[in-house]
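# Structural features, examined
Next come the chains, spelled out residue by residue.
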Amino acid sequence: MTDQQTRENYPAVAKEKFQFVSDKEIIFDEVPKTKARGYFGDALLRFQKNRSSVVAAWILLFLVLFALLAPIVSPYSVKDQDKTYTNYPAYIPFFGERGMSLFGGARIYDSQNDASMLFWRGIAEETGKDPVIKTIKTHETPTRRRGEEVTRYTYDIKINAYYALGIVYKVFTYDEFARIEEWQNETGIQVIYPYVYPGDISNIRNNPNLWYQVDEKGVAKLDENGAFIPVYADQKEDEGVPYDSLRIKGDDGSYIYSMKKSGAVQCRVDYYNYYHYLNGREPFYIFGTSAMGMDLFSAIGYGARFSLLFAVLVAAINMAIGILYGSVQGYYGGAVDMVLDRIADILAGMPFIIVATLFQIHLAQKVGVVWSFLFAFVLTGWISIAALTRKQFYRFKSLEFVLAARTLGASDKRLMFKHILPNAAGTLITSCALVIPAVIGSETSLSYLGIVDLSSLTGTTLGTLLSQGSATATTAPHTILWPSIFLGLLMISFNLFGNGLRDAFNPTTRGTDDE
Amino acid sequence: MIKYTLQRIFYMILVFIIIMLMCFVLVRMLPLPVLPPDDPHTQVVEMRREAMGYNEPYLVQFWIYVKGIVTHFDWGISDKLYFGQDVWSIFKEKLPATVIVNLYSILLSIPIGIFFGILAALKKNTWVDYTISTLTMVVISVPSFVYAFLIQYLLCYRLQLFPFVMESGTDWLSPSMLRSMAPAVLALSFGVIAGFTRTTRAELTEVLTSDYMLLARVKGLTVTQATVRHAMRNCFVVIVPAIFGEFLGILGGSLIIEKIFGIPGVGSLTLNAINGPDYNLFMLSTAFYTAIGLAAGLVVDISYGFLDPRIRMGAEK
């Protein structure tokens with residue numbers, strides 16, 4: 001606008017109405033009163049607005065804390081593997097004693113007939129711990145037997161698996177036996193129960209829970225009052241070592257508590273109390289036990305620790321290689337780009353399972369399972385990040401600010417890493433967040449398939465737990481439930497978190513799902 | 001376009017040969033399995049090894065290997081799992097099971113996936129969209145074997161609708177066979193459905209907001225007409241190549257699903273070859289999976305070019 005035009009447009013304003021703001025003092029630029037917000041601060045603000053990602057971030061934090069703390073909080077370590085309590089349901093003594101099914105080691109047993117009900121009663125009477133939590137349902141089936149109408153009853157019951165185990169046979173050295181006796185005297189908890197001759201229980205040798213007269217099928221014979229008829233051994237000449245400790249009710253001192261066994265003694269042992277003696281505490285498994293008899297709660301923690309650490313390590317190495325490779329590719333372009341791209345293509349074409357297997361066969365013995373597995377991940381993992389970096393470099397390298405920096409004499413290195421790379425940082429950080437769940441997923445799959453076995457080194461991994469659990473998924477669903485839930489939550493929240501990060505760093509691509 | 005296609009095919013074969021060479025050398029570097037001393041097959045296998053050039057340099061060995069494949073399609077002989085049998089004929093027997101199961105799964109899931117994707121895109125930012133998107137997110141995140149276990153536990157064990165493992169035999173269309181395949185098909189479908197839902201939704205939402213859709217509406221087309229004739233067509237530029245890629249991918253199958261549901265397919269064969277180890281079988285699996293991966297990428301790229309002229313132009317660079 002020329003002066004002429006201005007005057008024509010605003011004819012009404014008289015010249016006198018204008019006045020100087022200040023004609024005496026010099027005006028300086030003011031320092032901004034609000035705080036400047038950087039790129040990352042801006043991204044953080046946008047991230048916080050995305051509610052699902054924030055929730056995912058909290059869940060993620062919780063899972064990571066679980067992985068860190070569960071093995072510390074739990075009294076069990078990876079080495080604590082109880083060979084008897086394998087695939088046992090969740091149990092906390094407090095709930096078990098009060099006959100609750102939740103956390104009471106409950107298992108459901110279908111169609112138990114009267115004979116098996118008697119068997120449970122036998123355990124309850126001897127050990128004082130009743131395995132039957134609750135009768136869910138009673139079935140009546142009328143049948144004809146020898147011309148008579150008989151009603152047969154069967155029951156669906158809930159059983160406390162820990163109590164139902166009852167008595168087991170154990171062989172002890174004399175020292176061990178003496179120690180148990182001592183422990184019994186101190187605590188008043190009875191571990192060793194009187195011996196029973198197989199001859200008195202119809203030669204049944206594989207059922208230590210029988211202490212009463214039975215027929216050849218192992219069904220209890222009752223006296224006229226409906227009570228069991230005890231057949232405890234009392235031949236003093238067979239006794240392994242003299243017993244001087246707690247005795248069961250009704251014992252006048254004649255029962256023997258151990259059996260001679262060359263250089264050792266064989267006893268009937270209440271396994272629940274024996275466990276108490278061995279570990280100094282009653283069984284306490286919040287999530288139950290795994291197929292190896294590990295506490296599932298701490299095993300998941302150990303497994304997740306390893307998986308997370310491994311994934312972060314892989315992601316970090318892949319980032320480093322990928323960024324370097326992609327930067328060179330994208331910055332120099334032309335022939336360099338083409339040659340490097342072909343190399344990446346060849347590596348990308350190799351199926352991951354084949355790479356993992358070959359590395360496993362060739363390197364596992366030399367550098368260890370974990371490292372060879374790491375190499376397998378690194379070999380192909382960086383390619384996607386390199387491609388991403390390359391794309392970003394192509395996008396930024398012809399922009400004015402790069403030209404300006406080059407004109408000022410900046411070196412290639414400075415241009416690449418000081419001027420272009422920071423612009424790509426957001427995209428790369430995001431892709432890193434999405435690499436981690438992918439690594440965890442593959443690691444779990446390959447462990448499950450049995451191609452890699454990392455458990456020898458780390459104790460256990462989520463994949464190992466899943467593969468052990470899958471064998472018993474029907475009889476002990478908890479062994480696969482908890483690792484699955486943990487893994488599922490971890491993957492979902494990682495992905496949501498990653499998507500949130502991407503939206504926060506690149507607001508323009510919000511809602512689209514590429515890369 | 002033809003020149004570009006031929007170029008890509010040539011290039012793919014080159015990459016394939018290089019990968020095979022690398023794997024071949026790595027496999028040949030491994031110690032050979034010890035043969036039972038007094039087995040009548042032992043002599044045969046030893047002579048075969050000699051013929052395969054085990055004492056020659058690796059490149060000569062590779063040349064012998066390639067020559068055998070090219071001239072009479074001889075992939076070698078199994079020396080561990082199927083003692084003395086031709087590897088290719090074993091492989092051929094296993095292929096149908098994998099293909100059938102995956103084919104059913106794709107035929108089932110692609111229409112469902114596209115349907116949900118369209119639904120979510122049309123009802124964008126309503127509860128329908130949120131529900132579908134969340135479920136898609138969950139299914140894509142959770143590893144496939146987790147819901148495979150879920151299916152096995154609920155449908156096979158609790159409800160006893162299906163048997164635990166797939167029936168053996170080659171009677172692919174009999175009702176009992178279909179029934180025994182169902183859980184595996186279902187487990188495979190989840191991932192495919194979720195993938196297609198996500199792609200369709202993302203593509204369609206973008207297309208629906210573009211200017212030509214506005215123009216179509218201004219011209220007087222109804223929402224349905226505009227969506228079906230203009231939006232859907234453009235959106236299929238992305239979806240159709242994905243379908244092609246998926247169809248090639250079915251040959252590969254899923255190792256995990258095959259293991260869980262006991263499908264006597266290529267995946268289980270590969271796993272056995274790895275655990276055996278049976279080197280010739282392993283090499284064949286490697287070739288197979290590599291070829292499928294490369295071919296799927298190629299088909300997707302080329303079909304993009306055929307469907308969308310704009311992308312075709314890009315091929316010139």
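Fair warning: this is a prediction, and the values are worked out from it, not measured in the lab. (Residues numbered from 1 in each chain as written. Chains lettered and ligands numbered in written order. Predicted model: local features only at pLDDT ≥ 70, side-chain atom pairs only at ≥ 80, totals over all residues.)

Counting its secondary structure elements, chain A contains 17 helices and seven strands. Once the C-alpha set of chain A is aligned to its principal axes, its extents read approximately 130 × 65 × 55 Å. For chain A, with 515 residues in total, the buried portion stands at 37%. Excluding contacts between residues fewer than 6 apart, the proportion of contacts in chain A whose partners are at least 24 apart in sequence is 70%. (Helix = DSSP H or I, 4+ residues; strand = E, 2+ residues; numbered from the N terminus. Buried ≥ 20, exposed ≤ 12 C-beta atoms within 10 Å, placed from the backbone. Contact = placed C-beta atoms within 7 Å.)

Moving on: the interface of chain A and chain B. Listed by partner, the interface residues are 33 residues for chain A and 31 residues for chain B. Elements with a minimum of two residues in the side of chain A that touches chain B: α10 (334-349), α11 (352-367), α14 (412-449) and α17 (478-505) of chain A. Per element, the largest residue contribution to the side of chain A that touches chain B is eight residues, and it comes from α17(A).

Bringing the sheet that holds strand β3 (residues 148-160) of chain A into the picture now. All names here are of chain A. As summarised here, the arrangement of the three strands in space is β1-β3-β2, forming an open sheet in which the pairing is antiparallel. Of all the strands in the sheet, the pair left with one neighbour each is β1 (106-113) and β2 (132-145). Strand-to-strand twist of the sheet, defined as the mean angle between neighbouring strand axes without regard to direction, takes the value 15 degrees. Of the strand pairs in this sheet, β1 and β3 are connected by six bridges, and their pairing is antiparallel. Looking at β3, one finds that Q112 is bridged to Y155. Each of β1, β2 and β3 touches helix α5 (residues 114-127); the most contacted strand, β1, lies at about 135 degrees to it. (Pairing = 2+ DSSP bridges. Axes fitted to C-alpha atoms, helices over the stretch in contact; angles between N-to-C directions.)

Our next topic: the pairing of β2(A). Residues and elements named next belong to chain A. Taken together, the 12 bridges between β2 and β3 define a ladder with antiparallel strand orientation. Along β3, the bridge assignment pairs K137 with D156. Linkage of β2 to β3, two consecutive antiparallel strands, is achieved through a turn of two residues, within which R146 is found at a positive phi near 50 degrees.

According to the domain assignment, chain A consists of domain 1 (93-164), domain 2 (167-278) and domain 3 (296-509). Of note, the centres of domain 2 of chain A and domain 3 of chain A, computed from C-alpha atoms alone, are 58 Å apart. (Domains from an automatic or database assignment.)

For the rest of this paragraph, the subject is the confidence of the model for chain A. The share of residues in chain A with pLDDT of 70 or more is 97%, and the mean pLDDT across the chain is 83. Here residues 510-515 of chain A scores under 50 on pLDDT; set against residues more than four positions off or in separate chains, the count is seven contacts. (pLDDT = per-residue confidence, 0-100.)

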